[in-house]
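Given next are the chains, with one letter for each unit.
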Amino acid sequence: MRQRYRADPTGALYELKIEQMVSIRDLKQIKLAYDEFAKAGIYMLDYAEFQSVVKKCPGLKSVKDSQIQQLFMKIDYTGDGKIEWHEFCTYVYLENKEKEETVRRSKMAAFVLPAIVKSLNRGEPVLRIHLPPNGTVVTLREDGVVSFWTPKLYLKNKKNVFPERSIGRKPKWATDFVPMPDYNKLIIGTGSREIQFYELSTLEPCCQLSVLETVPLNLDYCSTGPDECIIVYGDTQGCVNILLMKSVREKLRLWKRLPQVDNMPNISIDHAVQSPEITFIRWKFHQDWVSKVKYFQSIPAIVSSSMHEDSALVIGSIHPSTYMQEQMREKTEVCGEGKSMKLAQRATSHQTVFTVPKGVTTFDFCKNRNLLVTGGMDTLLRMWMPYVPRKPTGILKGHTAPVSYLCIASEEGHIFSVSTDNTAKIWHIKDQTCLFTAHPKASQIQGELSACLYSSAVKGLYIATDSLALLSLQTKPQPKGSQIVSHKEPVLCCGYSEEFRQVVSCSEGSVVKVWDVETGAQVFEYGCAHGESAITCMAFDTSGRRLVTGGRDGCLRMWNFNNGQCVKILSRDGRCAEICDCAYLTLHRNAFVISVGWGRKIDIYLDSKDETQFNQRPKPSWQDDVRNGHKEDILCVAHCTPHLVATGSYDGEIIVWNVVSGRIQCRFQTPRSQQSSSAHVQNKSVLSLIFLKTRAFVPELSSSAWLVSSGSQGYVNFWSVLNGGKFVTSFQASPLQQQIMKLALTQDDSMLFTANHVGFIYVYKVKKYALGPEQNPPEKVNFWRAHISSITSLKIIDKDQFLLTSSMDCSVRLWSVHGELIGTFGQEESWSINAPSSWKHPAVPYEILIDPLSMPSHQILDNEISLSDVLNSEKTENVNSELDAHTDETDPPSILNDKDIEDGTNDSWCLSEPGRRQRHAIFKHVNRTGLKDYNTLKDSDLIVTPATCKRPDLSLRKIDSFISNDAEE
């Protein structure tokens, strides 16, 4: 970024913040300047003094005055007009700390705990785990039992490949195995100095190579060309044995016809190598047993390891053109049996030897990252440059027992390691840090470790002990197709700070992001704002420098959102109910924060500089609120200057309050929809309220509507709030009876923007609407689809020029007020808000373009078809017959009341008494988030369980099917 700045210092798109340009030298210069002011008794600098100090710093002489002013306002979030040295340091420190935390979160990896554990029958330990391309997990025990498992560890089949022996003969035992997927074979090494070949699918014997010089301890296989392969094994004498085969299919077919030994066609290694298609090389370097051997075709080379320190790991080239050339010399050793054998030894120029204290038990190599990693008895993981054995490039410390297994996952940028105490770790390659540790108590993996395997296809680590376990990686939700997202989780609210010209968005994952509205670039981010709880609402103070957020944890938090500093926590004593909405208001010289939610009461907090407590409690509740307030959960709140506040609840009740007296000025009940059948129980919850402020307290408009609310079945209601209040008029703002989620008005109250729960925005002229009883609805001037899921925020910003929206589809978007898409926050391309040529318009987000609900309207569909028919593909197969047969009486009720449940009129919803409150919770969630987001319910939000039902077979799938039957639900 500094290079960009030097190349284009005046470029607005790449303009650096001062915080990114401050060096240690500049920081010392600022500290000395503060010390000079302190000598004169000045400990707090105003803007002019701070500007002069910054301008004198060597590295900051070229910064603009606007940049300095922005930094000053960010530090002075209270609006005092002066800042101290410690405030400057705190701001810079916290901003960089949160940036580090953001980077750490982006790299975070974890296992799902506890692991999936499948117990094994008593027997010999599992020697090795493999996952062939067919997706079946294959394990081999020492007694010859081969087992086939699904990736989730359901046993499919097992068989003992070793035949039973007569009494007195020692049983055969296996040492290792490796699949040959290209030839559908399985290679098994035995303690009888044999390499056996079996059919992979049936485990029927094929043939065996016998009379090997020593026992093959570990095997590896690789296909090197058409009908060519290499088989490598290490043995007890520290030798690496290489078997190069050509015409593999023909050789295996011929060997299968040979005479049998123990029901297995047999050929000795001496006879096999006499064929010109077979080349056998045996070379020795290790002075101890070979602990692991592997052929890497990407180099190509063979890597082997042992517990001998001076030859702990060896990399040797075995290119076919050098096998029998001058680079290799032969010597003859005489075995104890008196026969000679050929023992090849690499030329020193064709091998790289690594000396590692206490030897190497396991290793892995990655060509893409040019990285070799070793693990051993000293519990350390060492990272090496291949062919540079002098010194490791990094040492990873953390295991407390010898490392038994490791694997480099190049795509994820991780290293997975397992030690003999069953502790599994995930390491970040670039940072060389441990990201996650799965201790055996947490993973519930017990017993002696015998084999491991990490699979990038399964995204999991298999561990064999006395049982077989799978540690699955926690996967992050990925956007579908080409969808551009602003957050990784659904966005529940967003807002605009005019002071900094920044957009702030908050997600269900408790992450707050700050965006530059001029370019769409992300400026800052911090997480865990409300711990693990979702952020449900937000508001700015009057200066736009502080952010107030409310969460499902029942707390309000006040932030300096430019560096993630929490300056105050506002909450009740004890356990608090979910907060649904909040507002910041000023009354005379006092400022207040108001919150509403599932507690059914209005909480008011005084925001004063004299209030020094970090944890602040609300003021005593109004008496009218205690005695005559809402009987159901309060979902929204709206403020009208100077002293009116309106609240709307789940049961459709709206109460207008006088903030000065704390008394109820008027209350309303949302009317029934005119198009609704009397058999329907309507969803009348009030999800959004807004005041027509240009009409407020105007004497000649005293009988007109001041207040607008969202109603049932897509209606918008208008209310007069003076003289006891009354209902004025309403109109259907959303076709297909879709619930209105959010409302917004231009500054002159001439245009009303409405957003529904499937992502459409409708714009109406309301300047002269609802001045008295109306018969005709207002003129619809525009509509478009902004999101594919429920819209959670709708803000008109920057003097009615632009529209800001957020949605459960994880995106935050900026539009012109005419519906032209400027862009999605988080997209790769920057925009210039004042240059329409940089906007996305006339393009449409891809996911909106392909969504079925975005199809153009049709007269037949507009007149007759319902949303449930659109969502249910089976019902739309024959549109004409459906339109003729469709009646309201066939639809399930929109909302079930308590009487329906007590009577058990609907068999699928026969809930016992404990389930009644849960039934309310499901519809509150659906009404708040929209039908398409019903699947976002977490386990903690789960509505119905068999324990709370008279019907034990009732499941979430059945509920989901029932919910999707009707648009209202």
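Model, not experiment: these values are computed from the prediction. (Residues numbered from 1 in each chain as written. Predicted model: local features only at pLDDT ≥ 70, side-chain atom pairs only at ≥ 80, totals over all residues. Heavy atoms only, no water.)

## What to know about the pairing of strand S28 (residues 414–419)
Of all 6 residues in S28, 6 are buried; the element is thus mostly enclosed. Here S28 shows two buried faces, one formed by His-414, Phe-416 and Val-418 and the other by Ile-415, Ser-417 and Ser-419. Between the antiparallel neighbours strand S27 (residues 403–409) and S28 lie 4 residues, among them Gly-413 with a positive phi of about 75°. Linking S28 to strand S29 (residues 424–428), which pair antiparallel, is a turn of 4 residues; within it Asn-422 sits at a positive phi near 70°. (Buried < 20%, exposed > 50% of the residue type's maximum accessible area, 1.4 Å probe, protein only. Helix = DSSP H or I, 4+ residues; strand = E, 2+ residues; numbered from the N terminus. Pairing = 2+ DSSP bridges.)

## Brief notes about the confidence of the model for the protein
Averaged over all residues, the pLDDT of the protein is 82; the fraction at 70 or higher stands at 81%. Note on residues 1–14: pLDDT under 50 across the span, and 17 contacts to partners over four residues away in sequence or across chains. Between residues 320–342, whose pLDDT stays under 50, and residues either more than four places distant or in other chains, the model counts 36 contacts. (pLDDT = per-residue confidence, 0-100. Contact = heavy atoms within 4.5 Å.)

## Describing the packing of helix H4 (residues 47–55) against helix H5 (residues 65–75)
Between H4 and H5, whose axes approach to 10 Å, the crossing angle comes to 120°. Taken as axis vectors, H4 and H5 run oblique relative to one another. Judged by the twist between their axes, the crossing of H4 over H5 is right-handed. Contacts between H4 and H5 involve Tyr-47, Phe-50, Gln-51, Val-54 and Lys-55 from the former and Asp-65, Ile-68, Gln-69, Leu-71 and Phe-72 from the latter. Of the residues in the contact of H4 with H5, the class split is 6 nonpolar, 2 polar and 2 charged. (Axes fitted to C-alpha atoms, helices over the stretch in contact; angles between N-to-C directions. Parallel < 35°, antiparallel > 145°, perpendicular 65-115°, else oblique. Left-handed = near helix turned anticlockwise from the far one by under 90°. Nonpolar A, V, L, I, M, F, W, Y, C, P; charged D, E, K, R; others polar.)

## Here we look at the sheet that holds strand S15 (residues 266–268)
Strand order in this open sheet of 5 strands is S8-S9-S10-S11-S15, and the pairing throughout is mixed. Here the strands that pair on one side only, and so sit at the sheet edges, are strand S8 (174–180) and S15. The sheet shows a mean angle of 20° between the axes of neighbouring strands, direction not considered. Where strand S11 (residues 205–210) meets S15, 3 bridges bridge the pair, whose relative direction is parallel. Within the sheet, the bridge partner assigned to Ser-210 lies in S15 and is Ser-268. Packing of helix H7 (residues 248–255) onto the sheet brings it into contact with S8, strand S9 (185–190), strand S10 (194–199), S11 and S15, and relative to S11 it is tilted by some 90°.

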